[in-house]
Amino acid sequence: MAARSQAAAAPLLSRTRRLPLLHCAQRMFASQTEGELKVTQILKEKFPQATAIKVTDISGGCGAMYEIQIEMEELKEKRTVQQHQMVNQALKEEIKGTHGLQTFTSVPRH
């Protein structure tokens, strides 16, 4: 009886396994996820002087992990850890719901 139940469940499981691929395909064609837009907006509000802000959901679109690139002159005299702390502080509430951030900071070249 157990073998029959597994055989009956196989088509259901195979359809379930395809869902992440479909989700990834949809993500490839989307311009920005809701989470990316939200994080970008928060960073723009916290750092209006930033010359570039790019937020990418690197978890396949589920919002579990983001890559953040931010460029602003105010980072010039700060160590890398201090720069990242500034970004983390700005996103303190959003970070609570994620698995992690990859943060890349830079100063504009003149």
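Residues numbered from 1 in each chain as written. Predicted model: local features only at pLDDT ≥ 70, side-chain atom pairs only at ≥ 80, totals over all residues. Heavy atoms only, no water.

As recorded in an unreviewed UniProt entry, the protein chain goes by BolA-like protein 3 and comes from Delphinapterus leucas. In UniProt, the protein chain has this text filed under Subcellular location (unreviewed entry): "Mitochondrion". In its Sequence similarities (unreviewed entry) section, the UniProt record describing the protein chain reads: "Belongs to the BolA/IbaG family." (UniProt positions renumbered as here; feature names shortened; annotations may be inferred.)

S.K.: Before we move on, can you summarise the pattern of salt bridges with the specific residues and values?
M.R.: Tallied over the full model, the rule gives 2 salt bridges. Here Lys 38 ties to Glu 94 by a salt bridge, and the two come within 4.0 Å at their closest N and O atoms. One end of the pair, Lys 38, is in helix H2 (residues 34–46); the other, Glu 94, is in helix H4 (residues 92–95), with 56 residues separating them in the sequence. The closest approach of N and O atoms between Glu 93 and Lys 96, which form a salt bridge, is 3.2 Å. (Salt bridge = Lys/Arg side-chain N within 4 Å of Asp/Glu carboxyl O. Helix = DSSP H or I, 4+ residues; strand = E, 2+ residues; numbered from the N terminus.)

S.K.: Before we move on, could you go through the nonpolar core and cite the residues and values that matter?
M.R.: With 14 residues, the main nonpolar core has Val 39, Leu 43, Phe 47, Ile 68 and Leu 91 as its most contacted residues. Breaking this core down by element, the ones donating at least two residues are H2, strand S2 (65–71) and helix H3 (80–90). Beyond its immediate chain neighbours, meaning those up to four positions away, Val 39 contacts Val 55, Tyr 66, Ile 68 and Leu 91. (Core = buried A, V, L, I, M, F, W, Y, C linked by side-chain atoms within 4.5 Å. Buried < 20%, exposed > 50% of the residue type's maximum accessible area, 1.4 Å probe, protein only. Contact = heavy atoms within 4.5 Å.)

S.K.: Help me get a handle on the environment of Tyr 66, residues and values and all.
M.R.: If you trace the backbone, Tyr 66 turns up in strand S2. Residues Tyr 66 and Thr 98 lie 32 residues apart in sequence; the distance between their C-alpha atoms is 8.2 Å. Aside from chain neighbours lying at most four places away, what touches Tyr 66 is Gly 35, Glu 36, Val 39, Val 55, Thr 56, Asp 57, Ile 58, Thr 98, Gly 100, Leu 101 and Gln 102.

S.K.: Account for the sheet that holds strand S1 (residues 52–57), with residues named and values stated.
M.R.: Read across the sheet, 3 strands follow the order S1-S2-S3 without closing on themselves; strand pairing throughout is mixed. For this open sheet the edge positions go to S1 and strand S3 (100–106), each flanked by a neighbour on one side alone. Recorded for the sheet is a direction-independent mean angle of 10° between the axes of neighbouring strands. With 7 bridges connecting them, S2 and S3 associate as parallel partners. Within the sheet, the bridge partner assigned to Ile 70 lies in S3 and is Thr 105. (Pairing = 2+ DSSP bridges. Axes fitted to C-alpha atoms, helices over the stretch in contact; angles between N-to-C directions.)

S.K.: Break down the pairing of S2 for me, citing the residues and quoting the values.
M.R.: Consecutive side chains of a regular strand alternate in pointing toward one face of the sheet and then the other. Strand direction decides the pairing type here: S1 and S2, joined by 6 bridges, are antiparallel. Looking at S2, one finds that Ala 52 is bridged to Glu 71.

S.K.: Explain the side chain of Gln 83 to me, using residue names and the numbers behind them.
M.R.: Structurally, Gln 83 can be placed in helix H3. Using a relative accessible area of 8% as the deciding quantity, one classes Gln 83 as buried. If near-sequence neighbours (up to four positions away) are discounted, Gln 83 is found in contact with Leu 75, Lys 78 and Thr 105.

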